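Each chain, letter by letter, is given below.
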Amino acid sequence: AFALRAIAAKSVMSGGDIGSNLTSQNLYGVLTLMALLGCLPVAALVEGPRIAAGTAATVEKMGRRTFARQLLLLGTSHYFYNECAFLALSSVHPVTHAVANTVKRVPRYRRD
């Protein structure tokens, strides 16, 4: 899903004039917010009670402050990791990006 979104965004970026202030970083931010707005209602309907119960149990176990700090750090690092991948996509061909994205997921096995 992330790779398809990135390739679709690459076609938008290379399609010509998309605005004077819509850089790759801004486009990634807009796409992320649109995805959030599209997925949040569905997730709330399908997983709502389980998410609420699981979050409450986690907060009770970890403490509110620790939970909030770790959630913020996780969200920020995930956002910037994906933004860097998106910026890399703006520099290379989409197929090259897709192959690199696949290769990083291939497990590496050692022979002892």
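Please read all numbers here as calculations on a predicted model, not as lab measurements. Residue numbers restart at each chain and count upward from 1, following the sequence in its written direction. Where local features are concerned, this predicted model is filtered to residues with pLDDT of at least 70; where side-chain atom pairs are given and counted, the filter is 80 or more; whole-chain, interface and lining totals use all residues. The side-chain quantities take in all heavy atoms of the structure and omit both hydrogens and water.

### Some points on the overall build of the protein
(1) Moving on: Looking only at helices and strands, one finds four helices and zero strands in the protein.
(2) Moving on: Segments assigned H or I by DSSP are reported as helices when at least four residues long, segments assigned E as strands when at least two residues long, and all are numbered from the N terminus. Ordering the α and β elements of the protein from the N terminus gives α-α-α-α.
(3) Moving on: Remark: exposure states derive from per-residue accessible area (1.4 Å probe, protein chains only) relative to the maximum for the residue type, with buried under 20%, exposed over 50%, and partly exposed in between. Counting across all 112 residues of the protein, residues that qualify as buried make up 15%.
(4) Moving on: Each accessible area value is a Shrake-Rupley result obtained with a 1.4 Å probe; residue values ignore everything except the protein chains displayed when judging cover. Accessible area of the protein: about 8800 Å², with a carbon and sulfur share of 67%.

### Focus: the packing of helix α2 (residues 24-62) against helix α3 (residues 64-89)
(1) Moving on: Taken N-terminus to C-terminus, the directions of α2 and α3 make an angle of 150°; their axes are 13 Å apart at the nearest point. For the element pair α2 / α3, the angle class is roughly antiparallel. α3 is crossed by α2, and the crossing has right-handed handedness. Contacts between α2 and α3 involve S24, Q25, L27, Y28, G29, L31, T32, T55, T58, V59 and M62 on the former and, on the latter, R64, T66, F67, Q70, Y79, N82, E83, F86 and L87. Interaxial angles span 0 to 180 degrees and are taken between N-to-C directions of axes, which are lines fitted to C-alpha atoms, for helices over the stretch in contact. Comment on the angle field: the value is read as roughly parallel under 35 degrees, roughly antiparallel over 145, roughly perpendicular from 65 to 115, and oblique elsewhere. Crossing handedness: left-handed means the near helix sits turned counterclockwise from the far one by under a right angle, and right-handed means the same turn made clockwise. By definition in these notes, contact holds between two residues if any of their heavy atoms fall within 4.5 Å.

### Quick word on the environment of E83
(1) Moving on: With respect to the helices and strands, the residue E83 is situated in helix α3.
(2) Moving on: When its relative accessible area of 11% is taken as the criterion, E83 is described as buried.
(3) Moving on: A C-alpha to C-alpha distance of 8.3 Å links E83 and G29, two positions 54 residues apart in sequence.

### What to know about α2
(1) Moving on: Take the residue count of a helix, subtract one, and multiply by 1.5 Å to get its expected span. Compared with an ideal rise of 1.5 Å per residue, which puts 39 residues at 57 Å, α2 spans 37 Å between its outermost C-alpha atoms and falls more than 12% short.
(2) Moving on: Remark: the principal bend of α2, roughly 85°, maps to E47, with a proline, P49, within the next four residues.
(3) Moving on: Among the residues of α2, S24, L27, Y28, G29 and G48 are the ones counted as buried.
(4) Moving on: Just beyond α2, the residue with positive phi is G63, at close to 100°. The angle between axes fitted to the seven residues ending at a residue and the seven residues starting there is what we call the bend at that residue.

### What about the packing of aromatic side chains?
(1) Moving on: Centres within 6.5 Å are what make two rings of Phe, Tyr or Trp a pair, Trp counting through its six-membered ring; a difference in plane orientation under 30 degrees is then read as stacked, over 60 as edge-to-face, and the rest as tilted. Applying the stated rule across the entire model yields two aromatic pairs.
(2) Moving on: With centroids separated by 5.0 Å and ring planes inclined at 50°, the aromatic side chains of Y28 and Y79 adopt a geometry described as tilted. With Y28 in helix α2 and Y79 in helix α3, the pair connects residues that are 51 residues apart, well separated along the chain.
(3) Moving on: Under the relative-accessibility criterion, Y28 is labelled buried at 3%.
(4) Moving on: Judged by centre distance (5.6 Å) and plane angle (80°), the rings of Y79 and F80 are edge-to-face.

### Thoughts on a nonpolar patch on the surface
(1) Moving on: Grouping into patches uses exposed residues only, defined as over 30% relative accessible area, and leaves out salt-bridged ones; the cut-off is 9 Å for like charges and 5 Å for nonpolar side chains (Val, Leu, Ile, Met, Phe, Trp, Tyr). Here, a salt bridge means any side-chain nitrogen of Lys or Arg that lies within 4 Å of a carboxyl oxygen of Asp or Glu. On the surface, a cluster of nonpolar side chains totalling about 300 Å² of accessible area is made up of L33, L36 and L40.
(2) Moving on: Inspection of the secondary structure assignment puts L36 in helix α2.

### Considerations on the confidence of the model for the protein
(1) Moving on: As a per-residue measure, pLDDT reflects the predictor's confidence and takes values from 0 up to 100. Per-residue pLDDT for the protein has a mean of 81; in total, 79% of the residues score no lower than 70.
(2) Moving on: Per-element confidence in the protein is highest for α3, whose mean pLDDT is 90, and lowest for helix α1 (residues 2-13), whose mean pLDDT is 65.

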